[in-house]
Amino acid sequence: AAVGAIAAAAGRLARAAGVGRVVAAGVVAPGPLNSSAGRIDFSPNLGWRDVPLARWIGDRLGVPVLLEDDATAAALGEAHAGAGRDADPFVYLTVSSGVGAGVVVGGRSMRGAIGPIWRARFRSRFGKRPGEAGADSDNCLPMKWTTAR
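If you're wondering where the values come from, they're calculated on a predicted model, not measured in any experiment.

## Examining the side chain of Ser 109
Turning to step 1, where the next piece is worked out: Structurally, Ser 109 can be placed in strand β8 (residues 108–109).
Turning to step 2, where the next piece is worked out: Of the residues examined, Ser 109 reaches a relative accessible area of 17% and is grouped as buried.
Turning to step 3, where the next piece is worked out: Here Ser 109 is in contact with Thr 72, Leu 76, Val 103 and Val 104, once residues within four sequence places are set aside.

This is how it looks when you write it as structure tokens:
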């Protein structure tokens, strides 16, 4: 249902903007995700695990779709048109239902093999991410920064 709603909204927006033909699309989602595979690995916000979102939306729209994590997309937006437009490099940190970061250098997001160069990971005292079965999300250990692999 969500994918159909996203595709329908994209069509309405393209028509309202007077776009004649859409040749590609981008979709942003909370992660962690694998941008190069177009797959959400696990999104506790959405309750999704191993969801090939880019392929599903691309199949509906009939165009290639790029999937990006929300923090990286926000960093690019701020670097190009917001608070970071006079800063290079620019680092964007977000703390909401999770912790995320985006790094922009020379107007481009820094990327690792599967996604953003910086990835914040929480582990509970039982070695699981919040939201995973058996996790004790109220007792998470401190955040650990790692480069994406």
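After that view, the rundown keeps rolling.
## Considering the pairing of strand β4 (residues 48–51)
On a regular strand, one side chain projects to one face of the sheet and the next to the other, so that they alternate.
Turning to step 1, where the next piece is worked out: Relative to β4, strand β3 (residues 39–43) runs antiparallel, the two being bridged by 3 bridges. By the bridge assignment for β4, Ser 43 is matched with Trp 48.
Turning to step 2, where the next piece is worked out: As consecutive antiparallel partners, β3 and β4 are separated by 4 residues, and within that stretch Gly 47 has a phi angle of approximately 75°, a positive value.

## Side note on the sheet that holds strand β6 (residues 90–95)
Turning to step 1, where the next piece is worked out: Spatially, β6-β7-β8 is the arrangement adopted by the 3 strands of the open sheet, whose pairing is antiparallel. Each having just a single partner strand, β6 and β8 make up the two edges of the open sheet.
Turning to step 2, where the next piece is worked out: Sheet analysis places β6 next to strand β7 (residues 99–105), joined by 6 bridges and oriented antiparallel. In the strand pairing of β7, Val 95 is matched with Val 99.

## As for the pattern of salt bridges
Two side chains with opposite charge may pair up if their charged atoms get near one another.
Turning to step 1, where the next piece is worked out: Inspection of the entire model under this criterion finds 1 salt bridge.
Turning to step 2, where the next piece is worked out: When the shortest N-O distance is used, the salt bridge between Asp 41 and Arg 39 registers 2.9 Å.
Turning to step 3, where the next piece is worked out: The exposure class of Arg 39 is partly exposed, given its relative accessible area of 27%.

## What about the layout of surface pockets?
Turning to step 1, where the next piece is worked out: Considered as a void within the structure, the second largest pocket measures approximately 170 Å³ in volume.
Turning to step 2, where the next piece is worked out: As for the second largest pocket, its lining consists of Ala 10, Gly 11, Leu 13, Ala 14, Arg 15, Val 19, Gly 20, Val 22, Ala 25, Leu 61 and Val 63.
Turning to step 3, where the next piece is worked out: Of all the elements, helix α1 (residues 2–16) adds the most residues to the lining of the second largest pocket, at 5 residues.
Turning to step 4, where the next piece is worked out: Here the residues of the lining of the second largest pocket sort into 8 nonpolar, 2 polar and 1 charged.

## Digging into helix α3 (residues 70–81)
Since there are 3.6 residues in each turn of an α-helix, residues three or four apart along the chain are aligned in direction.
Turning to step 1, where the next piece is worked out: The end-to-end C-alpha distance of α3 is 16 Å, a good match for the 16 Å that 12 residues give at a rise of 1.5 Å each.
Turning to step 2, where the next piece is worked out: Burial in α3 covers these residues: Ala 71, Thr 72, Ala 75 and Ala 79. Down the axis of α3, the sector holding all buried residues measures 100°, keeping them to one side. Counted as exposed and oriented over 90 degrees from the buried face of α3: His 80 and Ala 81.
Turning to step 3, where the next piece is worked out: The opening residue of α3, the one whose side-chain oxygen lies 3.1 Å from the backbone nitrogen of Ala 71, is Asp 69.

## Quick word on helix α2 (residues 53–61)
Turning to step 1, where the next piece is worked out: Inspection of α2 places Leu 53, Ala 54, Ile 57 and Gly 58 among the buried residues, and these make up the whole buried set. Viewed along the axis of α2, the buried residues span an arc of 125°, placing them on a single side of the element. In this structure, α2 carries Asp 59 and Arg 60 as exposed residues pointing more than 90 degrees from its buried face.
Turning to step 2, where the next piece is worked out: Buried positions along α2 lie against α1, β1 (25–29), β3, β4 and β5 (65–69).
Turning to step 3, where the next piece is worked out: Backbone geometry just after α2 places Gly 62 at a positive phi near 75°.

## Comments concerning the nonpolar core
Turning to step 1, where the next piece is worked out: Grouped together as the largest cluster of nonpolar side chains are 11 residues: Val 3, Val 27, Ala 29, Leu 33, Ile 40, Val 51, Leu 53, Ala 54, Ile 57, Val 65 and Leu 67.
Turning to step 2, where the next piece is worked out: Where this core is concerned, the elements lending two or more residues are β1, α2 and β5.
Turning to step 3, where the next piece is worked out: When residues of this core are assigned to their parent elements, the largest contribution, 3 residues, is made by α2.

Each value, and the rule that gives it
Residues numbered from 1 in each chain as written. Predicted model: local features only at pLDDT ≥ 70, side-chain atom pairs only at ≥ 80, totals over all residues. Heavy atoms only, no water. Helix = DSSP H or I, 4+ residues; strand = E, 2+ residues; numbered from the N terminus. Buried < 20%, exposed > 50% of the residue type's maximum accessible area, 1.4 Å probe, protein only. Contact = heavy atoms within 4.5 Å. Pairing = 2+ DSSP bridges. Salt bridge = Lys/Arg side-chain N within 4 Å of Asp/Glu carboxyl O. 1 Å grid on protein atoms, 1.4 Å probe; cavity = no way out; pocket = protein on both sides within 12 Å on 5 of 7 lines; lining within 4 Å. Points joined across faces, edges and corners; volume = space filled by probe spheres on them. Nonpolar A, V, L, I, M, F, W, Y, C, P; charged D, E, K, R; others polar. Expected span 1.5 Å × (residues − 1). Arc of directions from axis to C-beta. Polar contact = N/O pair within 3.5 Å; in protein donor to acceptor, adjacent residues only side chain to side chain. Core = buried A, V, L, I, M, F, W, Y, C linked by side-chain atoms within 4.5 Å.

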